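# Examining the three-dimensional arrangement
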Amino acid sequence: MAEPIKIKTPLSDEDVQSLKIGDSVLITGKIYTARDAAHKRLIDLIEKGESLPFDIKGQIIYYVGPAPAKPGYVIGPAGPTTSGRCDPYTPVLLSLGLKGMIGKGTRSKEVRGAMEKHKAVYFAATGGAAALIAKNIKAVKIIAYEDLGPEAIRELEVEDFPVIVANDTHGGDLYEEGTKKYRK
Amino acid sequence: MREVDYNTIVDAVARLCMDANYYLGDDVVNVLKQALAKEESETGKDILGQLLKNAEIAKTEKIPICQDCGFAVVFLEMGEDAHVKGNIIKAINDGVKKGYTEGFLRKSIVSDPVKGKNTGDNTPAIVHTSIVPGDKIKITVAPKGGGSENMSEVKMMKPADGIEGVKNFVIDRVTRSSSNPCPPTVIGVGIGGTFEYVAFLAKKALLRDIGQRNPDPFYADVERELLEKINNLGIGPMGLGGRTTALDVFIEVHPRHIASFPVAVNTNCHAARHKSVTL
Ligand code: SF4
């Protein structure tokens, strides 16, 4: 396998445009967690014209609801959750400058269209590899919606966080192309 | 009549909740290794390698394999000559509460499906009880993740659809599930019984260890055939393309009504968790 590509957040248009489906990528920097419940609240803020709890430009959102941290750990196991539940909210966030998303599972046509239009990528993380993934999370800060428990928005400091490009800015979809390639 | 203490049940269930979440079965670890050796896709190999490393970390550090520590599904086989001092269902729930709290497991249960809030301790458990001969109590805890559970389905087919209809339904269900249940998956299939019972059969099928075939050679052959067909779909690890889409297929059957032919598919992920104890 080709050497993984290392990227740092926040991401520029050039950063994301250089990525192609199937690329193995290691992410370093700050990323933000949000599941569908938090997305709904973000959209409510946008509709009311209020500012978001973090500057979304160039950022990556990770769809995750971690398990509780054992004493001595910064976070509990934290693998990706199903991205599709955030699909209805995603195009608006992409129009505001969100550059990347990490999750598991396919995205809707609307999200894929918005990714091409606003230049953003979708990364697949390995569902179920939660204990392994948590090793690449170095610091955690809850920045909004603490009442949502595991679904609160957290700022994560990650180092070499392993993902695979599943949808790129050129309309590529690894779910479709990968399956086609290996179907017998 | 043999007496079993309330707290024996509580402690056993708590232990099973933790063990099931920390320790991926050797059967799954071994089949993942075999799959890794056979996988053709580079991305697929990468993912299978991660799953093996993940299981190793979870085991050594005693942390959950997956952040979704599941709905606590409990199979209780109650010996007719055994008796628990106190209510055994309450004891099981106290055990789940203890296991999920003390074991740092994620609590994912909402009290009311429409109006509810997180119950905060992962209770209530789903308990399937059967009465068996003897004075022993066997308890199996099978934590079930939401992502794969959502890719499950019951279909009331026609008797004329026969085994070919069953096969087509299973393949279609897996195809539509695509990347969502964190493939590689384990597929439980129920055939027969009634609407509610067939779903239970499919769930019960998931308690088998990888490679354990249905004792009826007819269904054992269907299991093998379905596994091969599923792995030829190309969905691959995490749905990103590859040879490994399912690790096994298990079929459980039951007599049916002359007019009905219920079939159920219960999808499980590679985090095919189940641990048992006999008290
Ligand atoms: S489907 Fe299984 S492996 Fe995937 S997130 Fe859910 S419990 Fe974890």
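Keep in mind it's a predicted model, so treat the numbers as computed, not measured.

Here is what the cut-offs are and how they apply
Residues numbered from 1 in each chain as written. Chains lettered and ligands numbered in written order. Predicted model: local features only at pLDDT ≥ 70, side-chain atom pairs only at ≥ 80, totals over all residues. Heavy atoms only, no water. Near = heavy atom within 4 Å. Nonpolar A, V, L, I, M, F, W, Y, C, P; charged D, E, K, R; others polar. Domains from an automatic or database assignment. Contact = heavy atoms within 4.5 Å. Buried area = accessible area lost by both parts, 1.4 Å probe. Salt bridge = Lys/Arg side-chain N within 4 Å of Asp/Glu carboxyl O. Polar contact = N/O pair within 3.5 Å; in protein donor to acceptor, adjacent residues only side chain to side chain. Helix = DSSP H or I, 4+ residues; strand = E, 2+ residues; numbered from the N terminus. Pairing = 2+ DSSP bridges. Axes fitted to C-alpha atoms, helices over the stretch in contact; angles between N-to-C directions.

### Describing the site of the ligand
- Every residue near the ligand is listed here: Lys104(A), Gly128(A), Cys66(B), Gln67(B), Asp68(B), Gly145(B), Gly147(B), Ser148(B), Pro181(B), Cys182(B), Cys269(B) and Arg273(B).
- Per-site note: the chains with residues close to the ligand are chains A and B.
- Each residue belonging to the shell around the ligand can be placed in one class, and the counts come to 4 nonpolar, 5 polar and 3 charged.
- Here the shell around the ligand gathers at least three residues from each of two domains, domain 1 (2-20 + 65-144) and domain 2 (147-272) of chain B.

### Here's the deal with the domain arrangement of chain B
All names here are of chain B.
- By the assigned domains, chain B splits into domain 1 (2-20 + 65-144) and domain 2 (147-272).
- Taking only C-alpha atoms, the centre of domain 1 and the centre of domain 2 are 26 Å apart.
- Between domain 1 and domain 2, the contact holds 8 residues from the first and 12 residues from the second.
- When the two sides are added together, the surface that domain 1 and domain 2 hide from each other amounts to roughly 690 Å², 74% of it contributed by carbon and sulfur.
- Linking domain 1 to domain 2 there are 1 salt bridge.
- For Lys 144, the salt bridge identified is with Glu 149, shortest N-O distance 3.0 Å.
- Applying the counting rule to domain 1 against domain 2 returns 3 residue pairs in polar contact (both at pLDDT 80 or more).
- Counting only elements with at least two residues in the side of domain 1 that touches domain 2, the list comes to β2 (71-79) and β5 (137-144).

### Looking at the sheet that holds β5(B)
Residues and elements named next belong to chain B.
- Reading across the sheet, the 4 strands line up as β4-β2-β5-β10 and stay open at both edges, with mixed pairing between neighbours. Among the strands making up the open sheet, the edge pair consists of β4 (126-132) and β10 (275-278). The average angle at which neighbouring strand axes cross in this sheet is 15 degrees, direction not considered.
- As paired elements, β2 and β4 share 7 bridges and run parallel to each other. When the sheet's bridge partners are listed, Met 78 is paired in β4 with Ile 131.
- Sheet strands touched by helix α1 (residues 6-22): β5 and β10. Its angle to β5, the strand with the most contacts, is close to 40 degrees.
- The strands that helix α7 (residues 195-205) touches are β2, β4 and β5; relative to β2, the one it contacts most, it runs at about 95 degrees.

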